[in-house]
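# Architecture at a glance
Chain by chain, the residues:
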Amino acid sequence: MDQLLDVSLFASALRMITPILLAALGGALCARVGLFNVGLEGMMLVGAFSGIVGNHMTGNIWAAVLFAVMCTMMYALLFGYMSIHLKANVIVVGISLNFLALGLTTFALRAIFDVKGAYTNSQMTGLPKLQIPLLKDIPWLGDVLSGHTALVYLSIFIVIGLQYYLFRTVGGFRLLAAGENPTAARSLGIGVAAIQYKAVLLCGALCGLAGAQLSLGNVTMFSEGMTAGRGFIALVATMLGQSNPIGVAASSVLFGFMDALSIRLQGLALPTHFTSMLPYVVTLVALFFFKDKGYMQEARKSSGSSR
């Protein structure tokens, strides 16, 4: 048991949590404005691929992260335009964007890098690992919390910032009003469509960061479908967290830890297919015990139109 639940497992869990958490926060923003975004998986995949392309083109890791964010925001605009402007069914739009991202990144991988399956380059450098002064010298805690990429620490500040913005600022209250009762919000002169577009763009930015963490932080490569369902896990984390940043973070910790645990179990002679399904089994169990109907009613309303 000591070999299973050691320091490296918790440090690995923190890296696994970050992509899920960032994407889930993006999904929470969309849910708050009345858009049930099931396209998180596709947005993460676009972010992961764009990060590698940006790294290949510029040779600068931070320019690559910015490129990933910009490309994913542009991709998110497709979701926003179809669901807000054209009033399309948001569930159908999200699923379509997931499949589009899978095919688009596969095609672009062959068109740009002339390879199939995966692309890696030994000359590319990933996101640097930061050693936090003083914290790194603390036994056990320093080994777990220090030595991660900047995006891991940024995700923590984003949770705190969103929690404050949504429930302590006028802009946050307007965002909540746009999703809770758009008709009343419009009567007060609040631009509901503009707020929804902003939420979608912020969702794209967060998913871009999540994808960049996957392809430039956890590893330095891109493979077809490398998100491997993490976008859907992020969607469940959004639901379990009730679109509250703190709750979303707590849910993401659960799923990220199970993801890291599944990888650790592969070293104990357990079948790979069995260990790989562990995070998704936990996701299904979490959905089984999820009994709040309020959020599901919001999802059903969103499936009709973006209002």
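Residues numbered from 1 in each chain as written. Predicted model: local features only at pLDDT ≥ 70, side-chain atom pairs only at ≥ 80, totals over all residues. Heavy atoms only, no water.

### Remarks on the overall build of the chain
The cut-off we apply is this: Strands are runs of DSSP state E lasting at least two residues, helices are runs of H or I lasting at least four, and both sets are numbered from the N terminus onward. With the radius of gyration taken over C-alpha atoms, the globule rule is written as 2.2 Å times the number of residues to the power 0.38. The buried label applies to any residue whose accessible area, calculated with a 1.4 Å probe on protein chains only, is under 20% of its type's maximum; exposed applies above 50%, and partly exposed to all values in between. By the convention used here, residues are in contact when the closest approach between their heavy atoms is within 4.5 Å. Surface exposure here means Shrake-Rupley accessible area, sampled with a 1.4 Å probe, where a residue is shielded only by the protein chains that are shown. Positive residues here are Lys and Arg, negative ones are Asp and Glu, while His and the chain termini are left out of the count. Where a charge lies is defined by one atom per residue type, namely NZ (Lys), CZ (Arg), CG (Asp) and CD (Glu).
Secondary structure summary: the chain contains 14 helices and two strands in total. The C-alpha radius of gyration computed for the chain amounts to 19 Å, which stays within 12% of the reference 19 Å derived for 307 residues, consistent with globular compactness. Along the three orthogonal principal directions, the C-alpha set of the chain runs to about 60 × 45 × 40 Å. For the chain, with 307 residues in total, the buried portion stands at 50%. For the chain, contacts bridging at least 24 residues in sequence account for 76% of all contacts bridging at least 6. Accessible surface, the chain: about 14100 Å² in total, of which carbon and sulfur atoms supply 69%. Computing the positive centroid from 18 side-chain charges and the negative centroid from 11, the chain places the two 12 Å apart.

### Observations regarding the environment of L100
Position of L100 among the secondary structure elements: in helix α4 (residues 90-113). In the structure, L100 is positioned 109 residues away from L209 in sequence and 20 Å away in space, judged by C-alpha atoms. Every residue in contact with L100, bar those within four places of it in the chain, is listed here: Y75 and L78.

### Here we look at the packing of helix α3 (residues 61-85) against α4
Stated formally: In this analysis an axis means a line fitted to C-alpha atoms, helices contributing only their contacting stretch, and an angle means the value between N-to-C directions, from 0 to 180 degrees. Should an angle lie under 35 degrees it is considered roughly parallel, over 145 roughly antiparallel, and from 65 to 115 roughly perpendicular; all remaining angles are considered oblique. Here a crossing is called left-handed whenever its near helix is offset anticlockwise from the far helix by less than a right angle, and right-handed whenever the offset is clockwise. The nonpolar class holds Ala, Val, Leu, Ile, Met, Phe, Trp, Tyr, Cys and Pro. Asp, Glu, Lys and Arg form the charged class, and all remaining residues, Gly among them, are polar.
Where α3 contacts α4, the two axes come as close as 10 Å, and the packing angle between them is 155 degrees. When the interaxial angle is binned, α3 and α4 end up roughly antiparallel. For α3 against α4, the interelement crossing comes out right-handed. The segment α3 lies against α4, with Y75, L78, F79, M82 and S83 engaging V90, V93, G94, L97, L100 and A101. When its residues are assigned to classes, the contact of α3 with α4 shows nine nonpolar, two polar and no charged.

### Some points on helix α13 (residues 278-288)
An α-helix turns once every 3.6 residues. As a result, residues three or four positions apart point the same way. We count it as follows: Read the arc as the range of directions from the helix axis to the C-beta atoms.
For α13, the complete set of buried residues consists of L278, P279, V282, T283 and A286. Looking straight down α13, one finds its buried side chains confined to an arc of 145 degrees; they lie on one side. Looking at α13, the residues exposed on the side facing more than 90 degrees away from the buried face are L284 and F288.

### As for a nonpolar patch on the surface
Condition: Exposure above 30% relative accessible area and no salt bridge define the residues that can form patches, which grow by joining like charges within 9 Å and nonpolar side chains of Val, Leu, Ile, Met, Phe, Trp and Tyr within 5 Å. The salt bridge criterion pairs a side-chain nitrogen of Lys or Arg with a carboxyl oxygen of Asp or Glu, the two atoms within 4 Å.
Taken together, L268, L270, F274, M277, Y280, V281, V285, F288 and F289 make up a surface patch of nonpolar side chains, about 860 Å² in accessible area. Per-element accounting of the nonpolar patch gives the leading share, four residues, to α13. Along the chain, F274 falls in helix α12 (residues 272-276).

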